[in-house]
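# An overview of the molecular structure
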Amino acid sequence: MNLQTNIPFQSQQFNQIDYNSKVLLLGSCFSENIGEKFEYFKFQQLQNPFGILFHPLAVERLITNAINEKVYAKTDVFFHNEQWHCYDAHSRLSNASKDQLLLDLNHNINVTHRFLKEASHIVITLGTAWAYRYIETDTHVANCHKIPQKKFLKELLSVVQIAESLEAIMSLIKSINPDVSFIFTVSPVRHIKDGFIENTQSKSHLISAIHQVVEPRNHKYYFPSFEIMMDELRDYRFYNEDMLHPNITAVNYIWERFYEVWISEASQSTMKDVDTIQKGLAHRPFNVKSDAHQAFLQQLKTKETLVKSRFPHIVF
């Protein structure tokens, strides 16, 4: 008996990710789930330098500001609930010190600018088509930072708006890095706070817009994270207790499918070595001074040296 409907996959024939690749991951919290896998296996990666960005206009603003090397000033931040915030960034960057927030924003803009010029792959995970427009400045924000909702207009971005934003993102990046590949995906996290029907509207707009811009011949790809969750893992045992976010089993499953398609075969042996080292470093022995443990540490050090000799950027 086949108790699961499986999405057919084929390994990507061109532009696969290996240990020489540089991968920038932007977007919803699901991009960080996958980003953590890249981090664990020691790929060259940068994930969400401005924190989680839920909708495409927020991603577009980050890319625009990074390419233009925007310098954030005091007028770009505000004080609320004993913290300084920026409407362009997630609350993860918020700080009790205004100067520290500005330092972090400008540092991350510079890091993003440099990484964009060298990136081989940009992975963008869109979470929602709902966006909030700050009435006072008539601009969409990346995060409301718990400012009273009456100060914002909630808008459902149209398919056209989203597609135009994605085209703008790709055009901007290609202006400084013409050979980069784009991988788009839609987060399987359900935004029930918007409403059940509204969440379905949102996801449908995102999926429709992405498929208007995807063109593999031009290095613009789609990876079906949303479809895997909805069709292959259609069971609440694959969700966290909130019944909205994929649990670790689901994340691992989707990562395995991504791995099958996008990770080069040549990288797989290195990934196994890195996994062995990572597990070894996490091991807590009963007796740290025992001969057996010292021999184990020496074997681990030898394997670590071998991996670093092939890829000097790897640091454990």
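The structure we're discussing is the one just above.
Definitions and limits used
Residues numbered from 1 in each chain as written. Predicted model: local features only at pLDDT ≥ 70, side-chain atom pairs only at ≥ 80, totals over all residues. Heavy atoms only, no water. Salt bridge = Lys/Arg side-chain N within 4 Å of Asp/Glu carboxyl O. Helix = DSSP H or I, 4+ residues; strand = E, 2+ residues; numbered from the N terminus. Pairing = 2+ DSSP bridges. Axes fitted to C-alpha atoms, helices over the stretch in contact; angles between N-to-C directions. Contact = heavy atoms within 4.5 Å. Buried < 20%, exposed > 50% of the residue type's maximum accessible area, 1.4 Å probe, protein only. Right-handed = clockwise from strand over helix to strand, strands pointing away.

## Some points on the pattern of salt bridges
Tallied over the entire structure, the rule returns 15 salt bridges. Close ionic contact of Arg61 with Asp88 constitutes a salt bridge, the shortest N to O distance being 3.6 Å. On the criterion of sequence distance, the pair formed by Arg61 in helix H2 (residues 56-67) and Asp88 in the loop between strand E4 (83-85) and helix H3 (98-118) is long-range, its members being 27 residues apart. Among the salt bridges present, the one from Lys279 reaches Asp275, with a minimum N-O distance of 3.2 Å. Note that Lys279 and Asp275 are positioned in helix H8 (residues 268-282) at a spacing of four residues, about one turn of the helix. Each of Arg133, Asp138 and Glu155 takes part in one network of salt bridges that share partners.

## A short note on the sheet that holds strand E5 (residues 121-126)
The five strands lie next to each other as E2-E1-E5-E9-E10, forming an open sheet whose pairing is parallel. In the strand order of this sheet, the two ends are held by strand E2 (44-47) and strand E10 (220-222), each with one partner. Recorded for the sheet is a direction-independent mean angle of 20° between the axes of neighbouring strands. Two elements, strand E9 (residues 181-186) and E10, share three bridges in a ladder whose sense is parallel. In the strand pairing of E10, Phe182 is matched with Lys220. Seen against the sheet, helix H5 (residues 196-213) touches E5, E9 and E10 and runs at an angle of roughly 160° to E9.

## A look at the environment of Leu57
Mapped onto the elements of the fold, Leu57 is located in helix H2. Taking the C-alpha atoms as reference points, Leu57 and Ala142, 85 residues apart in sequence, are found 7.9 Å from one another. Those residues in contact with Leu57 that lie beyond four places of it in its chain are His140, Leu157 and Ser165.

## Some details on helix H6 (residues 225-232)
Counted residue by residue, H6 has six buried out of eight residues, so it is predominantly covered. Turning to H6, its buried residues number three or more, namely Ser225, Phe226, Glu227, Ile228, Met229 and Glu232. Those residues of H6 that are buried lie in contact with helix H1 (29-40), E9, H5, E10 and helix H7 (248-262).

## Here's the deal with the pairing of E9
Buried residues dominate E9, accounting for six of its six residues. Across the two faces of E9 the burial is the same, with Ser181, Ile183 and Thr185 and Phe182, Phe184 and Val186 all buried. In the sheet, E5 pairs with E9 via six bridges, with the strands oriented parallel. Of the residues in E9, the one forming a bridge with Ile122 is Phe182. Of the crossover connections in this fold, the one passing from E9 over H5 to the parallel E10 is right-handed.

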